[in-house]
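Survey of secondary and tertiary structure
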Amino acid sequence: MEPLRHRIVADFERQVGRHDDPAVYGGPPGDPGLIGPDSVSWEVHADLAAVTQAGLAAIVLEVLHPSVVAGVEDLSDYRQDPFQRARATLGYVLATTFGNTTAATALIDHVRHMHSFVNGTRPDGVPYRALDPELIAWVHTCIPWMIMRTFEATNRALTPDERDRYLAEQAVIGRMGGGEGVPASVAELDDFVTRMRPVLSVTAQTRAFLDFLVCSPFLSDLPGVIQRPVGRFAVHAGMIRAPRWARELSGYDRPAALTRRLYAPALALDARLHRWAFGTPRYVQLARARAAGAPVAEALTR
């Protein structure tokens, strides 16, 4: 079984990186980071399978905002280097949750600085800027929202209090990133999504982005004739964690019976395989050791 374990880990790290830099996840002994080891976020984000499975739905929800997808299309190099973007996105989630205070704060400041250059005009003539507090709140919210739904679907149900605590913890990061009105409870999340839905749509840029996901280079090792069918399956599977209105809007809704019999079991198997292959992820080992004041050298057990 070890060759399979190593293959799963190697394939994952080739696409989205290792995320075990001691300068980020180690650091001053006793430093809890921005959120802390007793948080719901530490439990939820320690589940690497749930975090990564949530990624596609979070990305699609983000780009349903015409200003977000305009910025992605105008100024992102995701087509040339999609792996870098995947590494950066996952790294941001993990580092802001588990990184030491200095590293996490520096990363948030760096992302804000980079976004200060992302400005333009949408095809419909509406100007946009990435540092718009509402856009930041939307992009930020899509990530913990989908992670929470995926964690509950593949790991365990959270209590109402745990859901509110998780969103409140993640809202700290969203506000530090420049977001305003970042939901800090389930009730606030419901209100925020209700306010945002009227501005969400599928434009020509959105369709181009979704088509890229279907033809993703993550599937480039497969024979060409099956890349697109597999890609469509992957996108449909990834979108089952999104709310139904988002699936319908994006064109990736499927009958409940098909989801129950095909997509959900495939995702459950994928989650079990990744939890088995990774065990306790290295970023968690380092962060726990740092928070407990243990030497970094003793933290990595794998």
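So, here is what we can say about the structure in this document. This structure is a prediction, so every number in the text was calculated from the model and none was measured.

A closer look at the overall build of the protein
- Across its full length, the protein carries 15 helices and 2 strands.
- Compactness check: the protein gives a C-alpha radius of gyration of 19 Å against a globular reference of 19 Å for 302 residues, within 12% of the reference.
- Based on the C-alpha atoms only, the size of the protein along its principal axes is roughly 55 × 45 × 40 Å.
- Evaluated residue by residue, the protein yields a buried proportion of 48% over its 302 residues.
- Of the contacts made within the protein by residues no fewer than 6 positions apart, 74% connect residues no fewer than 24 positions apart.
- Carbon together with sulfur atoms contributes 57% to the accessible area of the protein, which is approximately 13,900 Å² in total.
- Computed over 32 positive and 33 negative side-chain charges, the separation of the two mean positions in the protein equals 7 Å.

What about unusual backbone geometry?
- Positive phi is not limited to glycine here, since His-19 has a value of about 60°.
- Counting through the fold element by element, His-19 comes out in the loop between α1 (2-16) and α2 (22-25).

Section: the packing of helix α8 (residues 133-154) against helix α10 (residues 186-196)
- The geometry of α8 relative to α10 is characterised by a closest axis approach of 11 Å and an angle of 125° between their N-to-C directions. Between α8 and α10, the angle falls in the class oblique. Crossing of α8 over α10 shows left-handed handedness. Where α8 abuts α10, its residues Glu-134, Ala-137, Trp-138, Thr-141, Trp-145 and Met-148 lie against Leu-189, Phe-192, Val-193 and Met-196.
- Here the contact of α8 with α10 is composed, by residue class, of 8 nonpolar, 1 polar and 1 charged.

Rules used throughout
- Residues numbered from 1 in each chain as written.
- Predicted model: local features only at pLDDT ≥ 70, side-chain atom pairs only at ≥ 80, totals over all residues.
- Heavy atoms only, no water.
- Helix = DSSP H or I, 4+ residues; strand = E, 2+ residues; numbered from the N terminus.
- Rg over C-alpha atoms; globule rule 2.2 N^0.38 Å.
- Buried < 20%, exposed > 50% of the residue type's maximum accessible area, 1.4 Å probe, protein only.
- Contact = heavy atoms within 4.5 Å.
- Areas by Shrake-Rupley, 256 points an atom, 1.4 Å probe, with all protein chains shown as cover.
- Lys, Arg positive; Asp, Glu negative; His and termini not counted.
- Charge placed at Lys NZ, Arg CZ, Asp CG, Glu CD.
- Axes fitted to C-alpha atoms, helices over the stretch in contact; angles between N-to-C directions.
- Parallel < 35°, antiparallel > 145°, perpendicular 65-115°, else oblique.
- Left-handed = near helix turned anticlockwise from the far one by under 90°.
- Nonpolar A, V, L, I, M, F, W, Y, C, P; charged D, E, K, R; others polar.

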